[in-house]
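# Descriptive structure summary
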Amino acid sequence: MNVRSKQLKIRNLPQDEKKKDCVSTKPYLWFLCTLIVGISLIFFFHLYLIGGLLVSVSLYYLIFIKNEILVDFYDTFAVFYHVSPLPDDCFLLYWDDVESWHFRSRTYDYEELMVRLKNGKEISLRCACKHKMQRFFEQNTLSAQTLTKQISQ
């Protein structure tokens, strides 16, 4: 069975779809909450060392660490960036090409998303935000499988 999912250059991505969501390297909400907790510890509880540490780490990440997009989600596909040593390559995964998927723990810092395509090929994709990825895969692969069943009947 032929599948449309493949590794390609970022400049060759389809341009006609609207992005629904993305996963990036910088969790802004987490760092803002840590910043607020640090400020609270300093002013309300007078825990200067712990509060100062939280504030400084949060500000450092918010200001100096570069935010990169790891995955973009669309209605019919997802785009995974940083899957190759080449900086301008990405992996385009169409939802209707997915036969099965699951998460596998690799090390303490990340998990892998294992995807089996309908042609039998297995791909391994680095996963940063498991909950968001799981939500999109559950929504889109189930709807793609339902649509395929309806078309075949």
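Check the entry above for the structure.
These notes cover the structure that comes with them. (Residues numbered from 1 in each chain as written. Predicted model: local features only at pLDDT ≥ 70, side-chain atom pairs only at ≥ 80, totals over all residues. Heavy atoms only, no water.)

## So, helix H2 (residues 48-64)
Given a rise of 1.5 Å per residue, 17 residues ought to cover 24 Å, and the 23 Å separating the end C-alpha atoms of H2 matches this to within 8%. Here H2 has its buried residues at Gly51, Val55, Ser58 and Leu62. Each buried residue of H2 sits inside an arc of 70° when the element is viewed along its axis, so together they form one side. Turned more than 90 degrees off the buried face of H2, the exposed positions are Leu49, Leu53 and Phe64. The elements touched by buried residues of H2 are helix H1 (28-43). (Helix = DSSP H or I, 4+ residues; strand = E, 2+ residues; numbered from the N terminus. Expected span 1.5 Å × (residues − 1). Buried < 20%, exposed > 50% of the residue type's maximum accessible area, 1.4 Å probe, protein only. Arc of directions from axis to C-beta. Contact = heavy atoms within 4.5 Å.)

## Side note on the packing of aromatic side chains
A full pass over the atoms with the stated rule returns 10 aromatic pairs. With a centroid separation of 5.1 Å and an interplanar angle of 5°, the aromatic rings of phenylalanine 31 and tyrosine 61 are classed as stacked. Remark: tyrosine 61 occurs in helix H2 and phenylalanine 31 occurs in helix H1; sequence separation between them is 30 residues. A residue is classified by how much of its surface remains accessible, and tyrosine 61, at 36% relative accessible area, is partly exposed. With a centroid separation of 4.2 Å and an interplanar angle of 5°, the aromatic rings of phenylalanine 73 and phenylalanine 136 are classed as stacked. With phenylalanine 73 in strand E3 (residues 69-73) and phenylalanine 136 in helix H3 (residues 130-152), this pair connects stretches of sequence that are 63 residues apart. Among the residues examined, phenylalanine 73 registers a relative accessible area of 0% and is labelled buried. (Phe/Tyr/Trp six-rings, centres within 6.5 Å; stacked < 30°, edge-to-face > 60°.)

## Some details on unusual backbone geometry
A positive phi angle, near 55°, is found at histidine 46, a position not held by glycine. Residue placement: histidine 46 occurs in the loop between H1 and H2. In this model, histidine 82 sits at a positive phi of 60°, which is unusual for a non-glycine residue. Topologically, histidine 82 is positioned in the loop between strand E4 (77-81) and strand E5 (89-94). On the basis of relative accessibility, which here comes to 47%, the residue histidine 82 falls in the partly exposed class.

## Quick word on H1
The periodicity of an α-helix, 3.6 residues per turn, causes residues three or four places apart in sequence to face the same way. Here H1 is 16 residues long and its end C-alpha atoms lie 23 Å apart, about the 22 Å a rise of 1.5 Å per residue gives. Taken together, the buried residues of H1 touch H2.

## So, a nonpolar patch on the surface
A cluster of nonpolar side chains, Leu53, Val57, Leu59, Tyr60, Tyr61, Ile63, Phe64 and Ile65, forms an exposed patch at the surface whose accessible area comes to about 770 Å². Relative to the assigned elements, isoleucine 63 resides in helix H2. (Patch = residues over 30% accessible without salt bridge, like charges linked within 9 Å, V, L, I, M, F, W, Y side chains within 5 Å. Areas by Shrake-Rupley, 256 points an atom, 1.4 Å probe, with all protein chains shown as cover. Salt bridge = Lys/Arg side-chain N within 4 Å of Asp/Glu carboxyl O.)

## A look at the sheet that holds strand E8 (residues 122-127)
Ordered by their spatial adjacency, three strands build an open sheet running E6-E7-E8, and the pairing between neighbours is antiparallel. A single partner strand is all that each edge strand has here, and the edge strands are strand E6 (98-105) and E8. Averaged over all pairs of adjacent strands, the angle between strand axes in this sheet comes to 25°, irrespective of strand direction. Of the pairings in the sheet, the one linking E6 to strand E7 (residues 111-117) comprises seven bridges and is antiparallel in character. When the bridges of E7 are listed, histidine 102 appears paired with methionine 114. (Pairing = 2+ DSSP bridges. Axes fitted to C-alpha atoms, helices over the stretch in contact; angles between N-to-C directions.)

## Observations regarding the pattern of salt bridges
Taken as a whole and judged by the stated rule, the model has 12 salt bridges. Note that arginine 4 is salt-bridged to aspartate 96, the shortest N-O span being 3.2 Å. One end of the pair, arginine 4, is in the segment before strand E1 (6-9); the other, aspartate 96, is in the loop between E5 and E6, with 92 residues separating them in the sequence. For aspartate 96, a relative accessible area of 32% translates into the label partly exposed. Linked through salt bridges whose partners overlap, the residues forming this network are Lys9, Arg11, Asp88 and Asp89.

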